[in-house]
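Coordinates in review
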Amino acid sequence: MSDKTLTRMDLSEAIFREVGLSRNDSSQLVESVLQHMSDALVSGEQVKISSFGTFSVREKSARVGRNPKTGEEVPINPRRVLTFRPSHLMKDRVASGPEG
Amino acid sequence: MIRSELIQKIAEENPHLFQRDVEKIVNTIFEEITNAMARGDRVELRGFGAFSVKKREARIGRNPRTGETVPVEEKYVPFFKTGKLLRDRLNGK
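Residues numbered from 1 in each chain as written. Chains lettered and ligands numbered in written order. Predicted model: local features only at pLDDT ≥ 70, side-chain atom pairs only at ≥ 80, totals over all residues. Heavy atoms only, no water.

Residue and element names in this part refer to chain B. A complete count under the given rule lists 11 salt bridges over all chains for this structure. As a salt-bridge pair, Arg42 and Glu44 come within 2.7 Å of each other at their nearest N and O atoms. Note on Arg42: relative accessible area 31%, which makes it partly exposed. Counted as one network, the salt bridges with shared partners bring together Arg42, Glu44 and Arg46. (Salt bridge = Lys/Arg side-chain N within 4 Å of Asp/Glu carboxyl O. Buried < 20%, exposed > 50% of the residue type's maximum accessible area, 1.4 Å probe, protein only.)

Right, here's the structure in full:
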């Protein structure tokens, strides 16, 4: 595994390279794409990107948790969690691993 | 929201850009993330979340219908962990 970590900077660099926008505009566009996706999810919408994957929000009900160290019971409030389901295309491209 | 709606929103906000460039921008973002994961790299987008790849060891599986055992080869699967900011926003914080 190459163990490299990409960031927003690498994504905007790719836009700069592929589309030819300035680095500044490229990084602002990366930001607005993430912002629009986040806003949709916060409003409870699903975000479905074909051939990439689907982000959906799930409601979790309240339950009693336990501090694994002390064994103490703690209430866990109802909350909303985000799940990502990769597309078949992504799964297939990732499955063989870094050497594949 | 689907890909085309996302492209539409970005296009509306950026009237100075050609529609085809907006499409290319959005597609490039998702392709870069997929390409990185195919190489086994991580993509960390602070506040939004992090994409990474997890290794699943080879195992002996079972055909649930016939009960027959089948060898399952080692493979890698995509994984996403929600960022703290987005997790908090989802819960109204």
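After presenting the structure, the write-up continues.
A few words on the domain arrangement of chain B. The extent of an interface is frequently quoted as the accessible surface area lost upon association of the parts. All names here are of chain B. Looking at the assigned domains, one finds that chain B contains domain 1 (1-40) and domain 2 (42-93). Each of domain 1 and domain 2 was reduced to a C-alpha centroid, and the two centroids are 24 Å apart. Facing the 4 residues of domain 1 at the interface are 7 residues of domain 2. For the pair domain 1 and domain 2, the summed buried area comes to about 450 Å², and 85% of that belongs to carbon and sulfur atoms. Per-residue buried area on domain 1 facing domain 2 is highest for Ile33, Met37 and Gly40; these three make up 88% of the total on that side. At the boundary of domain 1 with domain 2, the tally comes to 0 salt bridges. Between the two partners, domain 1 and domain 2, sit 0 residue pairs in polar contact (both at pLDDT 80 or more). (Domains from an automatic or database assignment. Contact = heavy atoms within 4.5 Å. Buried area = accessible area lost by both parts, 1.4 Å probe. Polar contact = N/O pair within 3.5 Å; in protein donor to acceptor, adjacent residues only side chain to side chain.)

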